[in-house]
Amino acid sequence: MFFFKLFIWFNLRQVQHHRWRALAVVLGIALGAAVFTGVRISVHASLGAFTRSMDAITGRADLVVTQPGGRVPEDLVARLRRLPGVTDVSPVMTTYTRPAEGGRPFLLVGIDPLLDRHLRDWNRVDPGDEEADWERLVAEPFTLLAGETLAAQAGWTTDARVVLSHRQGDTPFTVAGRITMDGLGKAANGRMAVCDIATFQEFTGTSGYVDRIDIRLADPGTDPGPELTRLMGNGLRLGSPGALKQSGQGMIRAYQVNLSFLSFTSLFVGMFLVYSLVALNAASRRHELAILRAVGASARSVYWLFIGEGALYGLAGWLVALPLGSFLVRYLLEGISSTISTLFVRVHVDRLALAPWEILISLGLTVAVAMLAAVQPAREAAGVPPREVMTTTRHQQGGRSDIRRLALGGLGCILLVLPLAHLPGVNGVPLPGYLASLLLFTGFALLAPWMLQQVGRRLQPLTARRAGGPAHLAAGYVRDSLARLAIAVGALITAVALFTALVVMVRSFRHTVEIWVAQTISGDLFVTTRMAETNRVWEPLPPEVVAYLAQHNEVALVPNRRFSLSHDGHPYQLEAMDFAAFQEFGHFFWLQGDDELIPRLIRGEGVLISEVFAHRNGMAAGDLFRTQLQGRTLTWKVLGVVRDYRTHGGVVFCSLDDLAARMDGLAWGGVRIFFRDRDRELDAAVARLRDDLVLRFGDRLDMMRGQALRAAVLRIFDETFAITTVLLIIALLVAALGIATILTMRVLERARELNTIYALGGSRGQIRRMILWEALYIVTVGEFLGLLCGFGLSYLLVFVINRQSFGWTFLYGVDWAALALSLPLIVATALLAALPAMRLAVKTSPAALLREFGN
Amino acid sequence: MNHEAMTDTIIFARDLTRIYPLGVNEVVGLNQVDLMIAAGEFVVLKGASGSGKSTLLSLVAGLDAATRGQLQVAGRDLLRMTESQKTAFRRDVVGMIFQSFNLLPTLSVQENVCLPALLAGVPLADATRRADRLLDWLGMSARRGHRPAQLSGGEMQRTAIARALISQPPLILADEPTGNLDSKNGDMVIERLRDLNREQGHTVVIATHSDQADPFATRFIHLRDGAIQSDQGPC
Ligand SMILES: Nc1ncnc2c1ncn2[C@@H]1O[C@H](COP(=O)(O)OP(=O)(O)OP(=O)(O)O)[C@@H](O)[C@H]1O
Ligand SMILES: [Mg+2]
């Protein structure tokens, strides 16, 4: 226990004495920890919301019957109920719908209240006769029970009349009651409603079919038996109800790991700060350490004193991070949950759950990182020989061979980056990519001392002639104290690299997606059945709509039909399209193959797959693609690979005619409309057609102008990348803080030398210029290495990390103008960061400094 | 003092040599010194600057390692000790006093004094009691809570003496303890060391340029270029 006493006496008091330095470091760590914690908690909240919602819908089902790309015939329910060992059978339907008057979509669940009794529970908000509610749902058509959140948000009360919108047109419902946030009521976080399955079918035009059938077994452990399996003909699939949940959770967790790594960057930069302060303390207190050792402290306790100091900064940083993080989380939560909704699975989050485990993880990580940063200085401190107590001069360390060894190590790290980056990711987590990035940073930081040495050596004769004394002295100092300086450069390298990589990535990504949007999402008006996009279920367009459009001779139509399917557990879309019509107005963004393939695609000789699909499933041109659709097995050859940035997984494009032939007829699910005359007033023409369609079929269709759709797609992408950008910018902030702190510490560290120069007749101006020159050296070298490191990092981001986490890559493009504009800005900032140091150097009186640093 | 009565040898050195490697050159700090000091002696070490006084003291104190030779202090062989044995040795066997005091600036007078005892595992209350007694004896009670920066040179050195004594080491080594003090303060420090030697039987070895300690010495050793030039009783 005496160790803690010693820690307080020896370390804590020093920290107290120089509390501003400590505060800067703690703030840096706190920012990093806050971002990390905020991100983790936000994703955790999304994961929790998703899981609760899925569990609420799944209820107590043991098995579930589905039909990939289609629906399950309702008559199966009766046959399943007759099977021995099956205790409950309940058909379930779900869809998103919305009030016709507008507002956000909500989840409508259709069940048979009687059959469903043992599978899912719900409670009324107003206590009353539960049986009566069920009976009303069944007996009275078009009644619903509204979830608590939905009722509150939409202002629905019992017996209110509400009009809901779906593909059959707007339909009036009566609110029969409200249910609490329990059981089924927790689905979609309470933004839900329940109705009788017959009402549901009538509302959505799906009579005779249900989305799925839930089964409860008498003994869940046993094999369901051959009778059950025999009933599964015609492409029906019997699965566990958890599969959907698990695949969704898997995606959210992978995203969490991705964001954790990104936010870890800030903590990583914070490590430089901890290192620099602990190293400064260890170096400037070298003589005190010798005294400690001389009076009987062991090397090991000295080592732990400094590790303890690192831990202290980590702990303090984490404590500051808690309020900071809870403030941050409010901003992150919405961004992150909406990104998860656009990219992976729909989540409804409106509250934060306390996540003790996440908070513990962040505590552990922050303290561990800070302790790790203190290891090297602590080792140096423990190595101070007690005999130094007899001497008064201080010792410089960091010999030549050390620097060369470090540089070689750095080079080794950098050489390892490429092979490491090409290892495959694990479950959507680009672990090798992130490790490669860390290696890259480390490698360049290790190279820094050697670079400084080279620059110092080359510059010294030159600066001696040109710039005179201060520059000359500065170059000498740079050379003599490389080990310590390297840290400042390391922080700068990290900052510049982050910035460069960010500029490159944003530019590459934006540029590529813009091309894709312009080429592939061409069209003047997009028409689908109502709520199709929201539900990701594209039902046939009403025949009269198709007939009306077909006789319209000013427009060309590019019809399609899309199905949400999954391949080896990865969700994707099968899009059947009219290649011939598309070819006139749009282009694919080819990765493998070119426009020459179009005739073969039209003939149905094969399909195109998107980059994401290719990567997720390890497929390429020449492979065979096989899928189950509505009970049929379809097989095609993969002819080419195209870039595609649509969310929720990859795409397979096949010919609409070909698929129609294979499926014995296939209705259009959506259509893109192009005006043939491209020179006319397009906006007005599109508006007129749209108004016309609204008048005729309005409540059954969703329409979107091409321009609006393209803008919306780009907006979604910007939002998705906003999180990434914010995380990197915070890391940049921490790095800037680091540079200022480290330069200031450099001055403090050499206060004695500076004052000796002053005492020997150097003017304040000369000292000031010397520090400026030193900053210039650091900034030049840091900028140069940072730029190199940044290009390396941008390569990793664009081609490795994005590919492994999302499955897509971008056209690599550097925004030279933005770089050229902002790099001088970074130089200026770094020099500005030297200002406090310069002021400090000439402000403190030599006598005071001698006292502070004296024995 | 009767030499015959003191048969206990507290420092024994044979062929003790310390060579400092300095790049390609070597500097001889101590050159083949043979030495025997009995418990209870009051030794004054003299010699020109650079003659090896501090080198000899740091070897005996276990702060530094000899290049070759033999060295036994209080019956322990310093050349065969492990690092942790040396740490314990510094804590328990020797008390060091330096020209530049070497107090820890972040610790108060009392805490500085307690430190070696606490490092040796003595409970805080006991160590504080012992420290207070020593500070009392040295006339430092009023300064107990001050930091070294608030003390005069004499007070700092008295604090250092208290620290050297806290673990009751048999051997006190002082390297120019009066070098940074005026003659009045210097005399006071020397008198305290004499009291320790005469009244409590501590062995004291002082390296010094001044003659303040001469009246109390039982023995004078003169060093020159790292070797013993002369070794004699009190004149
Ligand atoms: N750490 C060291 N590295 C190299 N040489 C050293 C070191 N310490 C001492 N020396 C050399 O060893 C020799 C003896 O030095 P030492 O400090 O023991 O002399 P001293 O008698 O204590 O001198 P002073 O009276 O000035 O304190 C000197 O020549 C000195 O330069
Ligand atoms: Mg000396």
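Look up a bit, the structure's there.
Cut-offs applied
Residues numbered from 1 in each chain as written. Chains lettered and ligands numbered in written order. Predicted model: local features only at pLDDT ≥ 70, side-chain atom pairs only at ≥ 80, totals over all residues. Heavy atoms only, no water. Buried < 20%, exposed > 50% of the residue type's maximum accessible area, 1.4 Å probe, protein only. Helix = DSSP H or I, 4+ residues; strand = E, 2+ residues; numbered from the N terminus. Pairing = 2+ DSSP bridges. Contact = heavy atoms within 4.5 Å. Buried area = accessible area lost by both parts, 1.4 Å probe. Salt bridge = Lys/Arg side-chain N within 4 Å of Asp/Glu carboxyl O. Polar contact = N/O pair within 3.5 Å; in protein donor to acceptor, adjacent residues only side chain to side chain. Nonpolar A, V, L, I, M, F, W, Y, C, P; charged D, E, K, R; others polar. Axes fitted to C-alpha atoms, helices over the stretch in contact; angles between N-to-C directions. Left-handed = near helix turned anticlockwise from the far one by under 90°.

Once that is clear, we can look at the pairing of strand S3 (residues 42-47) of chain B. Residue and element names in this part refer to chain B. Burial runs high along S3: six of the six residues are buried. In this sheet, strand S8 (residues 203-207) lies alongside S3 in parallel orientation, the contact comprising four bridges. Bridged to Leu-45 within S8 is Ala-207. Relative to strand S9 (residues 219-224), S3 runs parallel, the two sharing five bridges. If you follow Gly-47 over to S9, its bridge partner there is Leu-223.

With that settled, the discussion passes to the interface of chain A and chain B. Contact residues are listed per partner, giving 24 residues for chain A and 29 residues for chain B. Overall, the association of chain A and chain B removes approximately 2400 Å² of surface from exposure, summing both partners, and the carbon and sulfur fraction of that is 65%. Looking only at chain A, the three residues that lose the most surface to chain B are A:Trp9, A:Val295 and A:Met390, adding up to 26% of its buried area. Summed over the shared surface of chain A and chain B, the result is three salt bridges. For the pair chain A and chain B, the number of links is 11 residue pairs in polar contact (both at pLDDT 80 or more). For the side of chain A that touches chain B, the elements supplying multiple residues, two or more each, are helix H1 (2-17) and helix H9 (286-294) of chain A. Considering each element in turn, the side of chain A that touches chain B owes the most residues, seven residues, to H1(A). The residue makeup of the side of chain A that touches chain B, split by class, is 12 nonpolar, five polar and seven charged.

Residue and element names in this part refer to chain A. Remark: helix H10 (residues 299-343) packs on helix H11 (residues 356-382), axes separated minimally by 7 Å, with the N-to-C direction vectors making an angle of 145°. The interaxial crossing formed by H10 with H11 has right-handed handedness. Per-class residue counts for the contact of H10 with H11 are 20 nonpolar, four polar and one charged.

Let us now look at the environment of B:Tyr20. All names here are of chain B. Looking at the secondary structure, you find Tyr-20 in strand S1 (residues 9-22). Measuring from C-alpha to C-alpha, the distance between Tyr-20 and Asp-136 comes to 41 Å, with 116 residues separating the pair along the chain. Non-local contacts of Tyr-20, meaning those with residues more than four positions away in its chain, are made with Asn-25, Glu-26, Val-27, Gly-29, Thr-55 and Asp-64.

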